[in-house]
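Fold and contact review
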Amino acid sequence: MKFNFKTYLKHTYKTELVYLAVIVALYFYDNNNIIFLLFFPFSFIQGYYRYQYKLTQAEKLKTKGLTEEDIDNISFVKKWEHSRKRGIWNYCIIDGGFIFGLAISLITSVAWLIFKGKDMHTLLAEPGDMFAFIGYNYMIGAGIAVIIFRMRWKRNEKRFVRLTDPLADNYFAKDYQDI
């Protein structure tokens, strides 16, 4: 199978343009710090190789008579079985609060800086202010992430039951009759 770079660009150009815009904005925000510009080529190359891998996997599936949706469902069931064994609180607190909360805390940090109208250098001038800023944003991000992952748990449970239980339609019909 031949991998075409033009096809990759055709499928991902919108995402890559948004990502590039964010990186350029960070570059100019942080006084032309070149480190941000180095992220884009690495992520672009990584995305291209992931795209190639995905196309290769799709070709293998077609020979077995499976679709990408079938593989996504099989992958989901395997991952969700593992998450279910760990339990809801472990899923919400560890995966949600600690891991995903970190990503959300970065978003809340940027929002805080924008709404306060201060730049990062003056806000983080004192060590106490810096630790408070990081701590508050991490707690806010973790709290939001726990709530999101709690909602995802219910949605993932329904999807898991639908994919693994042959009588799942009756199971969900009962849920909707109670409403």
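The model shown is predicted, which means the values in this text are computed figures rather than measured ones.

Looking at the pattern of salt bridges
All told, the structure shown has three salt bridges when counted by the stated rule. We note a salt bridge from Glu59 to Lys62, for which the minimum N-O separation is 3.9 Å. In this pair, Glu59 and Lys62 both sit in helix H2 (residues 35-64), three residues apart, roughly one turn of the helix. The partner of Arg86 in a salt bridge is Asp95, with the nearest N and O atoms 3.0 Å apart.

Remarks on a nonpolar patch on the surface
A surface patch of nonpolar side chains, amounting to about 610 Å² of accessible area, comprises Tyr19, Ile34, Ile35, Leu38, Phe39 and Phe42. With four residues, the single largest contributor to the nonpolar patch is H2. Tracing the backbone shows Phe42 in helix H2. For Phe42, a relative accessible area of 63% puts it in the exposed group.

What about the packing of aromatic side chains?
One pass over the full model with this rule turns up eleven aromatic pairs. Here the aromatic rings of Tyr8 and Tyr51 are separated by 5.4 Å at their centres, their planes lie at 55°, and the arrangement is tilted. Taken together, the positions of Tyr8 in helix H1 (residues 5-29) and Tyr51 in helix H2 put the pair 43 residues apart, joining distant regions of the chain. Their ring planes at 45° and their centres at 5.1 Å tell us that Tyr91 and Phe149 sit as a pair that is tilted.

Considerations on the nonpolar core
The biggest cluster of nonpolar side chains holds eight residues, and these are Phe76, Val77, Trp80, Tyr91, Cys92, Phe149, Trp153 and Phe160. Elements supplying a minimum of two residues to this core: helix H3 (68-86), helix H4 (88-116) and helix H6 (127-164). For Cys92, the contacting residues outside a window of four places in its chain are Gly97, Val146, Phe149 and Arg150. Grouped together as the second largest cluster of nonpolar side chains are six residues, Tyr8, Phe44, Tyr48 and Tyr51 included.

Some remarks on H4
For H4, built from 29 residues, the straight-helix expectation of 42 Å at 1.5 Å per residue is missed by more than 12%, its first-to-last C-alpha distance being only 36 Å. Taking the largest bend as the criterion, H4 deviates by roughly 50°, centred on Gly101. Those residues of H4 lying buried are Tyr91, Cys92, Asp95, Gly96, Gly97, Gly101, Ile104, Ser105, Thr108, Ser109 and Leu113. Within two residues after H4, Gly117 carries a phi angle of roughly 75°, on the positive side.

Section: the packing of H3 against H4
Their axes nearest at 7 Å, the elements H3 and H4 cross at an angle of 105°. Classified by the angle between their axes, H3 and H4 sit roughly perpendicular to one another. Here Trp80, Ser83 and Arg86 of H3 lie close against H4, whose contacting residues are Asn90, Tyr91, Ile94 and Asp95. A breakdown of the residues in the contact of H3 with H4 according to their chemical character gives three nonpolar, two polar and two charged.

Rules used in this analysis
Residues numbered from 1 in each chain as written. Predicted model: local features only at pLDDT ≥ 70, side-chain atom pairs only at ≥ 80, totals over all residues. Heavy atoms only, no water. Salt bridge = Lys/Arg side-chain N within 4 Å of Asp/Glu carboxyl O. Helix = DSSP H or I, 4+ residues; strand = E, 2+ residues; numbered from the N terminus. Patch = residues over 30% accessible without salt bridge, like charges linked within 9 Å, V, L, I, M, F, W, Y side chains within 5 Å. Areas by Shrake-Rupley, 256 points an atom, 1.4 Å probe, with all protein chains shown as cover. Buried < 20%, exposed > 50% of the residue type's maximum accessible area, 1.4 Å probe, protein only. Phe/Tyr/Trp six-rings, centres within 6.5 Å; stacked < 30°, edge-to-face > 60°. Core = buried A, V, L, I, M, F, W, Y, C linked by side-chain atoms within 4.5 Å. Contact = heavy atoms within 4.5 Å. Expected span 1.5 Å × (residues − 1). Bend = angle between axes of the 7 residues up to and from the residue. Axes fitted to C-alpha atoms, helices over the stretch in contact; angles between N-to-C directions. Parallel < 35°, antiparallel > 145°, perpendicular 65-115°, else oblique. Nonpolar A, V, L, I, M, F, W, Y, C, P; charged D, E, K, R; others polar.

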